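As a plain string of letters, each chain reads:
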Amino acid sequence: MSAYLVGQANIKSETLWNEYVLGVKDSLVPYEERNEASLMFRGKRSEVVSGENPRNLVVVIEFKNHAVLQSWFRSVKYQSLIELREKAADVVITFYDEY
């Protein structure tokens, strides 16, 4: 079953954020080529209609399964972006498994 990464962010540095996003896209290429990952949605919050959500941006990436998601997240290529991510934005990353 599919697994999803949901990232929610508030940007601290637009320049660093753009660099991070390019790095993430590059890190996903091998997974996309094998049809193991796909960017589903990236957007900016327009309205909170119930509850509280302090994050302004969201990204959803679909992976073939949880093992593939973990493989990508733990990859050297993605791990090398974490320091940049932390400088670029306050980010919450959550994994979800389809059921």
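Please refer to the structure placed before this passage.
Parameters at a glance
Residues numbered from 1 in each chain as written. Predicted model: local features only at pLDDT ≥ 70, side-chain atom pairs only at ≥ 80, totals over all residues. Heavy atoms only, no water. Pairing = 2+ DSSP bridges. Helix = DSSP H or I, 4+ residues; strand = E, 2+ residues; numbered from the N terminus. Axes fitted to C-alpha atoms, helices over the stretch in contact; angles between N-to-C directions. Contact = heavy atoms within 4.5 Å. Core = buried A, V, L, I, M, F, W, Y, C linked by side-chain atoms within 4.5 Å. Buried < 20%, exposed > 50% of the residue type's maximum accessible area, 1.4 Å probe, protein only. Lys, Arg positive; Asp, Glu negative; His and termini not counted. Salt bridge = Lys/Arg side-chain N within 4 Å of Asp/Glu carboxyl O. Polar contact = N/O pair within 3.5 Å; in protein donor to acceptor, adjacent residues only side chain to side chain.

(A) Focus on the sheet that holds strand β1 (residues 3–11). Pairing in this open sheet of four strands is antiparallel, and the strands run β2-β3-β1-β4 from one edge to the other. The sheet is open, and its two edges are formed by β2 (37–44) and β4 (89–97), each paired on a single side. Recorded for the sheet is a direction-independent mean angle of 15 degrees between the axes of neighbouring strands. Here β2 runs beside strand β3 (residues 57–63); their pairing, made up of seven bridges, is antiparallel. The residue of β3 that forms the bridge with S38 is E62. Most of the contacts of helix α1 (residues 14–33) go to β2, to which it runs at about 160 degrees, and overall it touches β1, β2, β3 and β4.

(B) Summary view of the nonpolar core. Core analysis: the biggest nonpolar cluster contains 23 residues, and L5, Y20, F63, W72 and Y78 have the highest contact counts within it. Elements that contribute at least two residues to this core include exactly β1, α1, β3, α2 (66–74) and α4 (82–88). Every residue in contact with Y78, bar those within four places of it in the chain, is listed here: Y20, V24, S27, W72, F73, R85 and I93.

(C) Up close: the side chain of R85. You can see R85 is positioned in helix α4. Nearest to the buried, unbridged R85 among oppositely charged side chains is E86, at 4.0 Å. Among the polar contacts listed, one links the side chain of R85 to the side chain of Y78, at a separation of 2.8 Å.

(D) Here's a closer look at the pattern of salt bridges. Tallied over the full model, the rule gives four salt bridges. In this structure, K77 and D26 form a salt bridge, with 3.0 Å as the shortest nitrogen-oxygen distance. Taken together, the positions of K77 in helix α3 (residues 76–79) and D26 in helix α1 put the pair 51 residues apart, joining distant regions of the chain. Here K77 falls in the partly exposed class, since its relative accessible area comes to 42%. A salt bridge links E36 to R34; its shortest N-O distance comes to 3.0 Å.

(E) How the structure looks around the pairing of β1. Relative to β3, β1 runs antiparallel, the two sharing seven bridges. Residue pairing for β3: A3 is matched across the bridge by F63. Where β1 and β4 come together, nine bridges link them in antiparallel fashion. Along β4, the bridge assignment pairs G7 with I93.

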